[in-house]
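Here is how the chains run, residue by residue.
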Amino acid sequence: MKLTNIFRNTILLFALAISLQIAVAQTAGNLKQHISYLASDTLHGRATGTPDEERAANYIIETFKKAGIPNADGKFGAEKYIQHFSYDPIVDSVKTHVSGNNVVAFIDNHAANTIVIGAHYDHLGMGDPKHSTYVGPPAVHHGADDNASGVAAMLDLACLIKASEYKSNNYVFIAFSGEELGLYGSKWFVQHPTVALDKIDYMINLDMVGRVDSNTHTLTVNGIGTSPTFKEVLDKIKTPLHIKTTESGLGPSDHTSFYLQNVPVVFLFSGQHKDYHKPSDTEDKINYAGMVDVVNYTMSLIAELNDKGKLAFTKTKDDNVDSAPKFKVTLGVIPDYTFDGEGMRIDAVKDDRPAAKAGLKSGDIVLKLGDVKVTEMGTYMKALAQFNKGDKTKVTIKRGDDVIEKEIEF
Ligand SMILES: [Zn+2]
């Protein structure tokens, strides 16, 4: 290489380093601005179906508009960013009503396939006895990490992708609501998708990415068993983060809704902490340097996958909670993790397994296993744990309006 070239390249590298630094500083500033607003006292914890949810939605819409990212129709009318949803689930034997608004934006590159990047923006409001882990008088549940952090990262990614050269796919950005109450927003989206589900290449879910531990630098990347391509590319990504992976496409957040529609999913999560679902999940505890690393990591993942074509989907093996090692038996079903009524709703029945042999079908709701009443996933797992291989018992299910008993052999 000639000296002049070395000189020129040095200057170029220097300029690149400065522009990267500026980009990083800008990202951290944007993230802090988004989280400071969404997790502020004035939004009272962003409970689904409240005026505070609407204010948070408006903020997200304004951010998309400022970034020049239109709604699903390719326009900038605020109301068209909104996807309204409504459900009437039975919770603790009582018919309830859940309605809320997803916010959906769309970068249309006229490509064959679309990548979905989502984060839920709802939280627990002033406290919700069913989901809050806090005991005390009503208090703002700020939800800075859960999940103002994911929304901030998603908004920043939207801006970075808009400005990037990654045009091989279209991009849908979704701020989900109703997540804390039972993944309602994402469940609605997959039932009423703004792009055909079979054209969704993969889905990235950001839920709680604001608390990267400053000692371990760990980011958990869940769902990598949902496509063989994830494993191929993950090792190529350079990052200061310590990456831990899990296989399963199921988990307690919105990617589950997409996985159940056979969409490859990745769920990014910086870890549990003592402020989870408490008013003390506040903005001052966010690790912004860690979040910048998460945003950069996600961009690198998108870059690595940019020219891979549509990813193959694979079902993950560990998608039955009832096949976990602590159980000696399994029912052979995939539970509906989004079901919020009483009992355990079966999403799918595996062939030739006890449930199938007993004549259980998808959509059945398990109410009793032996003598144990099944009210939700927790009691279902407890009920299952009491059986040994070869045991016979009765299972009580609800099918439509009928309550039926079936003999089952483990
Ligand atoms: Zn939560």
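Keep in mind that what you see is a predicted model, and the values were worked out from it rather than measured.

(A) Summary view of the overall build of the protein chain. A count of helical and extended segments in the protein chain gives 10 helices and 16 strands. For the protein chain, with 410 residues in total, the buried portion stands at 52%. Of the contacts made within the protein chain by residues no fewer than 6 positions apart, 71% connect residues no fewer than 24 positions apart.

(B) How the structure looks around the environment of G182. One can find G182 in helix α4 (residues 179-182). Here the alpha-carbon distance between G182 and G341, two residues 159 residues apart in the chain, equals 9.9 Å.

(C) Up close: the nonpolar core. Counting residues in each nonpolar core, the largest one holds 61 residues, and the members touching the most others are F64, I117, F173 and L206. With 20 residues, the next largest nonpolar core counts I346, A355, L369 and A383 among its residues.

(D) How the structure looks around helix α5 (residues 184-191). Across the eight residues that make up α5, a large majority, seven, are buried. By the burial criterion, the buried members of α5 are Y184, G185, S186, K187, W188, F189 and V190. Tucked into the core, α5 has its buried residues touching β1 (82-87), β4 (98-107), β6 (170-176), α4 and α7 (255-259).

(E) Inspection of the side chain of E180 at higher detail. Note on placement: E180 falls in helix α4. Among the polar contacts listed, one links the side chain of E180 to the side chain of H123, at a separation of 3.0 Å. At 3.1 Å, the side chain of E180 and the side chain of H277 are in polar contact. When sequence neighbours within four positions are dropped, the list of residues in contact with E180 reads H120, D122, H123, L124, H131, D146 and H277.

Scoring rules and cut-offs
- Residues numbered from 1 in each chain as written.
- Predicted model: local features only at pLDDT ≥ 70, side-chain atom pairs only at ≥ 80, totals over all residues.
- Heavy atoms only, no water.
- Helix = DSSP H or I, 4+ residues; strand = E, 2+ residues; numbered from the N terminus.
- Buried < 20%, exposed > 50% of the residue type's maximum accessible area, 1.4 Å probe, protein only.
- Contact = heavy atoms within 4.5 Å.
- Core = buried A, V, L, I, M, F, W, Y, C linked by side-chain atoms within 4.5 Å.
- Polar contact = N/O pair within 3.5 Å; in protein donor to acceptor, adjacent residues only side chain to side chain.

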